[in-house]
Amino acid sequence: MADISQTTVKSRQGNPKVSRDDWLNAARDALISEGVGEVKILSLSTKLGVARSSFYWYFQSRSDLLSALLDGWEARNTKSIQDKCSLPARTIGQAVCHFFECFIDPNLFDQGLDFAVREWARRDARVRAKIDAADSARIAALIALFHRFGFSQQDADARARILYFMQLGYHALDVTEPMTLRMSRLDAYLKGFTGQVADPETVGAFQRLALQLGGE
């Protein structure tokens, strides 16, 4: 009985050399750099320096691991956008800057993971459905943002889509430019997206935050 009890305790604790998050992080890195086809238990165990059997302390199967990756992607990327879009704001310019925070803070939105999941979706209808649902939820959050500031349904819908698709396209094209240059365009960007001139306080506060997080 003592041996069975010790085994049960050990199985609940997992492998002491690596954690569940270690497996997920290794799988995420493989997904981003090599694609879903290379997210393999044996390859990941080699990278982590542990036996393949230790995988099963935390996951039932490779499919279980892939589902966990998708859950993490949804919880991080989509929820961050929804949370930022719902923050109180004095002006529409400040509200849009809250949305922009997701794309200057890597802790809020994982751009590499987002596009890796989109590539995965090209070959998996289930993942395609999740991508479509995520895009719809993110756009809905932006539409609600514009509604709060008096934009009509048609105008809110159009501006939300322009803003969202521009932002994803910006990263899909892998645009590289100094943060100082990007921030020098902030006034014009905000006017283009909202139709209104942003107040200097809003612009200055976001520029300082962007330079703090993104460097020069």
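None of these values were measured; they are calculated from a predicted model.

Peer 1: Provide a residue-level description of empty space enclosed by the protein, including the pertinent values.
Peer 2: Summary: where empty space remains is shown by rolling a probe the size of a single water molecule over the atoms. Tallying each qualifying case throughout the model produces 1 cavity of 30 Å³ or more. As for the largest cavity, its lining consists of 13 residues, of which Phe-100, Gln-167, Arg-182, Met-183 and Tyr-189 are closest to the centre. Secondary-structure elements contributing two or more residues to the lining of the largest cavity are helix H8 (153-172), helix H9 (179-184) and helix H10 (186-194). Broken down by element, the lining of the largest cavity gets its largest block of residues, 4 residues, from H8.

Peer 1: Explain H10 residue by residue, including any values.
Peer 2: Along H10, the residues classified as buried are Leu-186, Leu-190, Phe-193 and Thr-194. Angular distribution of buried residues about the axis of H10 spans 80°; they occupy a single face of the element. Facing away from the buried side of H10 by over 90 degrees, the exposed positions are Ala-188 and Gly-192. Of the surrounding elements, those touching the buried residues of H10 are helix H5 (92-101), helix H7 (125-148), H8, H9 and helix H11 (200-214). Count one or two residues on from H10 and you reach Gly-195, which has phi positive near 80°.

Peer 1: Give me the state of the cysteines: which residues, what numbers.
Peer 2: With the rule as written, the count across this model stands at 0 disulfides. Between Cys-102, a free cysteine, and Cys-85, which holds the nearest cysteine sulfur, the sulfur-to-sulfur gap is 6.8 Å. Taking relative accessible area as the criterion, Cys-102 reaches 0% and is therefore assigned buried.

Peer 1: Tell me about the pattern of salt bridges, and please be specific about residues and values.
Peer 2: The full count for this structure, using the stated rule, is 19 salt bridges. In this structure, Glu-177 engages Arg-185 in a salt bridge whose closest nitrogen and oxygen atoms are separated by 2.9 Å.

Peer 1: With reference to specific residues and values, describe the packing of helix H2 (residues 20-34) against helix H3 (residues 41-48).
Peer 2: As a packed pair, H2 and H3 sit with axes 10 Å apart at the nearest point and diverge in direction by 115°. Taken together, the axes of H2 and H3 lie roughly perpendicular to each other. The two elements H2 and H3 meet at a crossing, and its hand is right-handed. On the side of H2, the interface is formed by Asp-22, Trp-23, Ala-26, Ala-27, Ala-30 and Glu-34, while H3 contributes Ile-41, Leu-44, Ser-45, Lys-47 and Leu-48. Counted by class, the contact of H2 with H3 contains 7 nonpolar, 1 polar and 3 charged residues.

Peer 1: Residues and numbers for the nonpolar core, please.
Peer 2: Formed by 33 residues in total, the largest nonpolar core has its most connected members in Phe-100 and Phe-146. Elements with a minimum of two residues in this core: helix H4 (62-85), H5, H7, H8, H9, H10 and H11. Other than its neighbours up to four places away in sequence, Phe-146 contacts Ile-92, Val-96, Phe-151, Ala-156, Arg-159, Ala-160, Leu-163, Phe-193 and Thr-194. In this structure, Leu-44, Phe-55, Phe-59 and Ala-116 belong to the second largest nonpolar core, which totals 29 residues.

Peer 1: Mind laying out the packing of aromatic side chains, listing which residues take part and the relevant values?
Peer 2: Scanning the entire structure with this criterion turns up 11 aromatic pairs. For the ring pair Phe-146 and Phe-151, a centre distance of 5.2 Å and an interplane angle of 85° mean the geometry is edge-to-face. In this pair, the class of Phe-146 matches that of Phe-151, namely buried. Here the aromatic residues Phe-99, Phe-100, Phe-103, Phe-109, Tyr-189, Phe-193 and Phe-206 are joined through ring pairs into a cluster of three or more.

Reading the values: rules and limits
- Within every chain, residues take consecutive numbers counted from 1 along the sequence as written.
- Totals for whole chains, interfaces and linings use every residue, but because this is a predicted model, local features are given only for residues with pLDDT of at least 70 and side-chain atom pairs only at 80 or more, for both listing and counting.
- Side-chain calculation: all heavy atoms of the structure are included, whereas hydrogens and water are not.
- The rule is simple: put a 1 Å grid over the protein atoms alone, call a set of points where a 1.4 Å probe fits but cannot get out a cavity, call an open set with protein on both sides within 12 Å along at least five of seven lines a pocket, and count a residue as lining if it has an atom within 4 Å of a point.
- Grid points are joined across faces, edges and corners, and a volume is the space filled by probe spheres set on the points.
- Helix and strand assignments follow DSSP, with helices taken as H or I runs no shorter than four residues and strands as E runs no shorter than two, numbered in order from the N terminus.
- For each residue, the accessible area found with a 1.4 Å probe, counting protein chains only, is set against the maximum for its type, and the residue is called buried under 20%, exposed over 50%, and partly exposed in between.
- This arc is built from the directions going out from the helix axis to the C-beta atoms.
- Contacts are assigned to residue pairs that have any heavy atoms within 4.5 Å of one another.
- When the sulfur atoms of two cysteines come within 2.5 Å, that pair is taken as a disulfide.
- When a carboxyl oxygen of Asp or Glu lies within 4 Å of a side-chain nitrogen of Lys or Arg, that pair is called a salt bridge.
- Where helices are involved, their axes are fitted lines through C-alpha atoms of the stretch in contact, as for all axes, and angles between N-to-C directions lie from 0 to 180°.
- An angle below 35 degrees is treated as roughly parallel, one above 145 as roughly antiparallel, one from 65 to 115 as roughly perpendicular, and anything else as oblique.
- Two helices cross in a left-handed way if the nearer one is turned anticlockwise from the farther one by less than a right angle. They cross in a right-handed way if the turn is clockwise.
- Gly falls in the polar group here, along with every residue not listed as nonpolar (Ala, Val, Leu, Ile, Met, Phe, Trp, Tyr, Cys, Pro) or charged (Asp, Glu, Lys, Arg).
- To form a nonpolar core, buried Ala, Val, Leu, Ile, Met, Phe, Trp, Tyr and Cys residues must be joined to one another through side-chain atoms within 4.5 Å.
- A pair of Phe, Tyr and Trp rings is counted when the ring centres sit within 6.5 Å of each other, with Trp represented by its six-membered ring. The angle between the planes then sorts it: under 30 degrees is stacked, over 60 is edge-to-face, the rest tilted.

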